[in-house]
Each structure stands twice: as structure tokens, then as C-alpha cells.
Amino acid sequence: MHGFGLPVRRVLLLILGFFLLTASGRIGNRDVAITVDLSRSLLVGSVAVPDHWKGAPFRPEGGRTSQYGIGHSLSLIPYLLCGRSVAAILPIASGTDWEEFFVSFSNVPVVLLLLYQLARRWRGLGAQGQHIAAGLVLVAIATPIGPYARIPFSDGLLALGIFAAWCRWMEGGFRSSIVSGLWLGVACVSRRQADLVIPSLMCLMAVHAAASNRWRNLATAVIATLPAVALRLAYNQARFGSPFMEIHPGLRVDRLVDGAMSHPLAFNLNEVLLSSNHGLLIYGVVPIGVCFLGIRPLWRESIWDGIAAIWIPMTGVLTMAKLGFGPGTSFGCRYLIFALPFLLLAWPGIEVPKGWLSRLACALPVAGSVGLMAIGFTLDPLPIETRMKRSIPPMGHFTACGREWGRVLGFDAGSESLELRADTGWNHDPFRRPDFWWCHAVDRLRSGRGVAPQIPASGK
């Protein structure tokens, strides 16, 4: 936090404390559990995962492996080691439980680093300390970036890598170009979606390099990504017997190519933008509003940041609309988390509105977003997703969220239909209270129970 004033440092520390309090203390998701099992295997020099993970593809010699990026599994190794160390000192829970407890905090530093990169770039665009501090609070509690500090998916890692690469690239110079390339490498190994996002960013960086004669810097950045590329190729070789083979059941390349060729102009924008459970215009109203109101000042201050604030979200939306699938059991527009920091680049150009009517017009969507983000911070997404599957959108989805609030807070307990109670994803112990680690701990200490059995859900 070197170079930041006291308000910014204090706000970052307060946000850190808030994130630490709102972690769930558990995984509760099948795909993250696969990633954690790969982390355990990497510690013993293997890329295999237990055979009961049916969604993972076969390796050449048989068995199962993870279909997800090695970068996320590598990033979880320190948390596994912390869990094992604590388990040796405090055997009040099993080693596996302690490992998963620490893994549930793994996205806290990722999101905090993302906020730091935002603050650093805002300062470069002329924002002052108080303005930066206010922006950080807004991002933490009124955008989906905040809730993903408690959900150990790899989306945050991709967002951090992409956005940090752009921020360091815009700082210029040889050293910043190296750091930019290293961050691109982080994005490259984070998740398969990086293959769709990195080309968009690299195109923009190449155009900027051509306009500002920074070809050497661009070459430096590309060279700095090569270790990550080599790691990914070696990972593929170990998994599938070929460095250029990648098997991901959720990303059937042949199906996507056939669909793109058969219907080249077909984009499901309605699903990506307006879906009541993951639409960008619903969950990203604050970043979009910031970009809309601040894009002109941003354009005057830095035309290239202004272009990035439009280009990266636009290409991301079009790509997701072309792929035609939702983000699974998660929270909000998770596949577009990487685009939100670019929209928020326009924050330095935002001024406090004058007049009560203008202030009210800005306060209402912010308050609504804070309430919506509270769902992501406090409730497990699986029960809400289960309710949504059995409701009629769009209002049925909002009703599902309201009923889940009522059940967790004890106002609407036992009101579920028989059909809902029969669902295989229901009757999950953590659904019965706010999904914070200390709520679970208090409940189990009071009841004298151990760790509750979990029903992992797909959400990768």
C-alpha cells in the first residue's frame, strides 16, 4: 500500500476484516472440491484426482484428472498447508476439514489485490485519497467483486490477472512490461475462459503499442508470459499425453464452432444481460452506471483506459452471448467478473451529484445493489439456485431469494413445498443459518456436532 494516504489504507484494512468475517469456512461445491483434490495431488507429484469425480476426463493411463486450470490449484496449496499445520496443533476437527476451512478464505487476498490494483490505477488517473477510499467501499459492497471474495472459484484469479496486466501495461517502462506479462501468465493458467479473454486484451495492447511505439515493451510482456504458457503445456502433457490437448466437458469446442458457423449472427444477449439470476445489467448496475457517468472524463484523462473500459466488457458480453450457457450454481454474473474492474476505471470522473433529486437517483440503484450483494455475502447459492429451478422467471427468482432470506432468518421456516423438499440438492445443513464460518462454528459448538455432511454442487 506504498504511496496511498491514510484513508485508503484504513479502508483496505476494514474491507479485509469484512471479507474475513464473511467467509463461509467450507467449500460446499463439487468443482472447487475437484480443484482442491488436484492441489493435494500436486503436493505428491501427481495430477490425478479420486475416481468418484465423474465429471473429470480420463488420463491416458486410466483414472481421473481435473479439467480446470493448474493455476487455481497451485494457489490453494498454501491454504492446504496451513490447514494441515493447524490440524496438527488443534485436532478438534479432521485435517481435511481444516484444509477446506482455510481454502474458503483463498479468494480474500485475490479480491483485495484486485481492489489494490483499482486504487493504484485510479491514483494514476488523478483520483485523490478520499475519492479512492469511497470507490473501494462501493466496489466491495455494491458489486459482485465483493461476494466473490468468499467464493473460492477461479473467476477472481482470472479477473486479477487480466486487470493487473492492463494496469501495469499502462504504467509504461521495461519493468512494468515484465510485470504485465507475468500477470497475463497468471490469467493464462487460471481457467480455460482465459483463452477467450486474453486475446481481447492482447489486441488492445498491440494497438496501443503501435500507436505509442512500444513494440519492445509488448515483446517483453509476451516473453514474460512464456513460463506460464510452458507450465500450462506441461500440465496438459501430464493430464492428457499431449501439451496441446485440453478436455473440458463444459466447453465443447466442436459444438461451439458448429454453432458459430451455423448461426454467425446469433447472440443470446437477453440471457447474458437480463437474466434474473446472472444478468450483467442486474448484478452489474453499479459498474455500468460508473462507466456511463464517468466515461467522458476518463476519455479526456486517458483515451486508452477509456477504450479498455468499453472494449473488454463489450467483447466479454458478446463472447458469453455466443457461448450460450449460464454460470451454474454460483452468484450473479460470475463469468463477467473480469469485465467489472474495467468498467470501474471511470470512477475518478464521478462527482457527487448536486441536488436531492440527482442524489436520490444515484442512491436508489446503489442501495438496491448493496441489498442484492448481501445475498451473495450471506447465503449459500445452492438453495437459491434450487428454488429458482422450480420458479418462473423473472419475478419467481426474486421471490426465491426472498423466501430463502426468510428461512435463514427464521421468519419463513418450514414453508417449502413437498416437491422442493424432495429435491436432491435440498436439506443441506449450512442452509439453515447465514453462511459465515462463525455461524457454523457457534451452531456446532452448541449442538455438540462435528462437521456437517455436505452436498457439493456444480458451479465451475
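Data block above holds the structure.
Calculation rules
- Residue positions are counted from 1 within each chain, in the order its sequence is given.
- In view of the model being predicted, local features appear only for residues whose pLDDT reaches at least 70, and side-chain atom pairs are presented and counted only at 80 or more, with totals across whole chains, interfaces and linings using the full set of residues.
- Note that water and hydrogens are dropped before the side-chain values are worked out from all heavy atoms of the structure.
- Secondary structure elements are defined from DSSP: runs of H or I of at least 4 residues count as helices, runs of E of at least 2 residues count as strands, and each element is numbered from the N terminus.
- To sort residues, take the accessible area from a 1.4 Å probe on protein chains only and compare it with the maximum for the residue type: under 20% means buried, over 50% means exposed, and anything in between is partly exposed.
- Only the protein chains shown count as cover for residues, with accessible areas throughout obtained via the Shrake-Rupley method and a probe of 1.4 Å.
- To define axes, lines are fitted to C-alpha atoms, for helices over the stretch in contact only, and angles between the resulting N-to-C directions are given on a 0 to 180 degree scale.
- Each angle gets one of four labels, with under 35 degrees taken as roughly parallel, over 145 as roughly antiparallel, 65 to 115 as roughly perpendicular, and the rest as oblique.
- Less than a right angle of anticlockwise turn of the near helix away from the far helix marks a crossing as left-handed, whereas a clockwise turn marks it as right-handed.
- The criterion used for residue contact is that any of the two residues' heavy atoms lie within 4.5 Å.
- Centres within 6.5 Å are what make two rings of Phe, Tyr or Trp a pair, Trp counting through its six-membered ring; a difference in plane orientation under 30 degrees is then read as stacked, over 60 as edge-to-face, and the rest as tilted.
- Here, over-ring charges are defined by two tests on the NZ atom of lysine or the CZ atom of arginine: distance to the ring centre within 6 Å, and angle to the ring normal within 35 degrees.
- Given the number of residues in a helix, its expected span is that number minus one, multiplied by 1.5 Å.
- Whenever Lys or Arg places a side-chain nitrogen within 4 Å of a carboxyl oxygen from Asp or Glu, that contact is recorded as a salt bridge.

**What about the overall build of the chain?**
Scanning the chain for helices and strands turns up 21 helices and 2 strands. Looking at the 460 residues of the chain, the share that counts as buried comes to 52%. Entry remark: accessible area of the chain is about 20400 Å², with carbon and sulfur atoms responsible for 66%.

**So, the packing of helix 3 (residues 70-89) against helix 4 (residues 95-103)**
Between helix 3 and helix 4, the shortest axis-to-axis distance is 7 Å and the interhelical angle comes to 135°. Comparing their axes, helix 4 and helix 3 come out oblique. The hand of the helix 3/helix 4 crossing is right-handed. Residues L76, Y79, L80, C82, G83, R84, V86 and A87 of helix 3 lie in contact with helix 4, whose contacting residues are G95, W98, E99, F102 and V103.

**Topic: the packing of aromatic side chains**
Summed over the entire model, instances satisfying the criterion amount to 12 aromatic pairs. With centroids separated by 5.7 Å and ring planes inclined at 85°, the aromatic side chains of W98 and F101 adopt a geometry described as edge-to-face. With W98 and F101 both in helix 4 and 3 residues apart, this pair spans about one turn of that helix. Here W98 and F101 have matching classes, each one buried. Judged by centre distance (5.2 Å) and plane angle (65°), the ring pair of F101 and F105 falls under edge-to-face. Among the aromatic residues, those joined into a cluster by ring pairs are W98, F101, F102, F105 and W437. Positioned above the aromatic ring of W169, the side-chain terminus of R214 is 3.8 Å from the ring centre.

**So, helix 2 (residues 30-42)**
In this model helix 2 runs 19 Å from its N-terminal to its C-terminal C-alpha over 13 residues, within 8% of the 18 Å that 1.5 Å per residue would give. The buried fraction of helix 2 is high, at 11 of 13 residues. What helix 2 keeps buried is the set D31, V32, A33, I34, T35, V36, D37, L38, S39, R40 and S41.

**Some remarks on the side chain of Q117**
Position of Q117 among the secondary structure elements: in helix 5 (residues 107-124). Exposure remark for Q117: the relative accessible area of 4% places this residue in the buried category.

**Focus on the pattern of salt bridges**
A side chain with one charge may pair with a side chain of the opposite charge, provided their charged atoms come close. Counted by the stated rule, this structure contains 15 salt bridges. Note that R26 and D435 form a salt bridge whose closest N and O atoms lie 3.1 Å from each other. Of this pair, R26 sits in the loop between helix 1 (6-22) and helix 2 while D435 sits in the loop between helix 20 (418-421) and helix 21 (437-447); the two residues are 409 residues apart in sequence, bridging distant segments of the chain. On the basis of relative accessibility, which here comes to 3%, the residue D435 falls in the buried class. A salt bridge links R192 to D195, with the shortest nitrogen-to-oxygen separation between them at 3.2 Å. On the accessibility criterion, D195 (34% relative accessible area) is partly exposed. The network of salt bridges with shared partners includes R26, R150, D380 and D435.

The quantities given are spatial measurements derived from coordinates; they are silent on function.
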